[in-house]
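Chain by chain, the residues run as shown.
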Amino acid sequence: MFLHLLNQTQKASFLVLAQRISMIDGEDDLSERQALNDLKDRLGLTANPDMTSVLADPDVSAFTDRKSRVIAMLELLTLAYADNYLHDAESDMIGTIAGDFGFGQDELNKLAGWAMSALELSRQGESLMDG
């Protein structure tokens, strides 16, 4: 929803994080794959991220201000919740990134609540389009 506000470096870094979060639970869920493909389109990126970067420790150095950090967290949480389940490995990664960004648990809970609400609204909109 807010990805257009990121600069190109942040978009590329975000795609690496998104790829990692989509793979980290070891499950190949269709909803997560669809969300990742949609994400790549919204970022305007065509190349897949380098797998060396995906498998490395998360690099959040491109997100230098609060706005870009909030955007990254909202979008990562939305991707993680796309299959209606937050796997332990996803939760651990989200927690690590939230800590790196300086977000406390209360703030992370607010961001997660927003992400779940956004997913529900998106599903309702799709339902209206399907009739």
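Residues numbered from 1 in each chain as written. Predicted model: local features only at pLDDT ≥ 70, side-chain atom pairs only at ≥ 80, totals over all residues. Heavy atoms only, no water.

Description of the overall build of the chain
Filter applied, for reference: Starting at the N terminus, helices and strands are each numbered in turn, a helix being any DSSP run of H or I of at least four residues and a strand any DSSP run of E of at least two. Accessibility here uses a 1.4 Å probe with only protein chains present; expressed as a share of the type maximum, an area under 20% marks a residue as buried, one over 50% as exposed, and anything in between as partly exposed. The Shrake-Rupley method, run with a 1.4 Å probe, gives the accessible areas here. Residue values count only the displayed protein chains as cover.
A tally of regular secondary structure across the chain gives six helices and zero strands. C-alpha extents for the chain along the principal axes are approximately 45 × 35 × 30 Å. The 131 residues of the chain split such that 40% are buried. Of the roughly 7400 Å² of accessible surface on the chain, 51% is carried by carbon and sulfur atoms.

Here's the deal with the confidence of the model for the chain
Spelled out, the test is: Looking at any residue, its pLDDT shows the predictor's confidence there, from 0 to 100.
Overall, the prediction assigns the chain a mean pLDDT of 89, with 95% of residues at 70 or greater. Taking the mean pLDDT of every element in the chain, the minimum, 77, falls on helix 2 (residues 30-43) and the maximum, 95, on helix 4 (residues 66-80).

Some details on the packing of aromatic side chains
Definition in use: Ring pairs are drawn from Phe, Tyr and Trp, using the six-membered ring of Trp, whenever the two centres fall within 6.5 Å, and their geometry is named by plane angle: stacked under 30 degrees, edge-to-face over 60, tilted for the rest.
Taken as a whole and assessed by the stated rule, the structure comprises three aromatic pairs. A ring pair is formed by F2 and W114, whose centres lie 5.9 Å apart and whose planes are at 40°; its orientation type is tilted. Taken together, the positions of F2 in the segment before helix 1 (8-23) and W114 in helix 6 (residues 105-130) put the pair 112 residues apart, joining distant regions of the chain. Residue classification places W114 among the partly exposed positions, given a relative accessible area of 31%. Geometrically, the ring pair formed by F63 and F101 is edge-to-face, given 5.7 Å between the ring centres and 70° between the ring planes. Here F101 lies in helix 5 (residues 88-101) and F63 lies in the loop between helix 3 (51-55) and helix 4, a separation of 38 residues in the sequence.

Description of helix 6
Working note: α-helix, 3.6 residues per turn, so residues spaced by three or four point in the same direction. Rules: Working rule for helices: expected span equals 1.5 Å times residues minus one. In what follows, residue pairs with any heavy atoms lying within 4.5 Å of each other are defined as contacts.
Taking 1.5 Å of rise per residue, the 26 residues of helix 6 would be expected to cover 38 Å, and the 37 Å separating its terminal C-alpha atoms lies within 8% of that figure. Those residues of helix 6 not exposed but buried are L108, L111, A112, A115 and L119. Next to the buried residues of helix 6 lie helix 4 and helix 5. Once helix 6 ends, the next one or two residues include G131, with phi positive near 80°.

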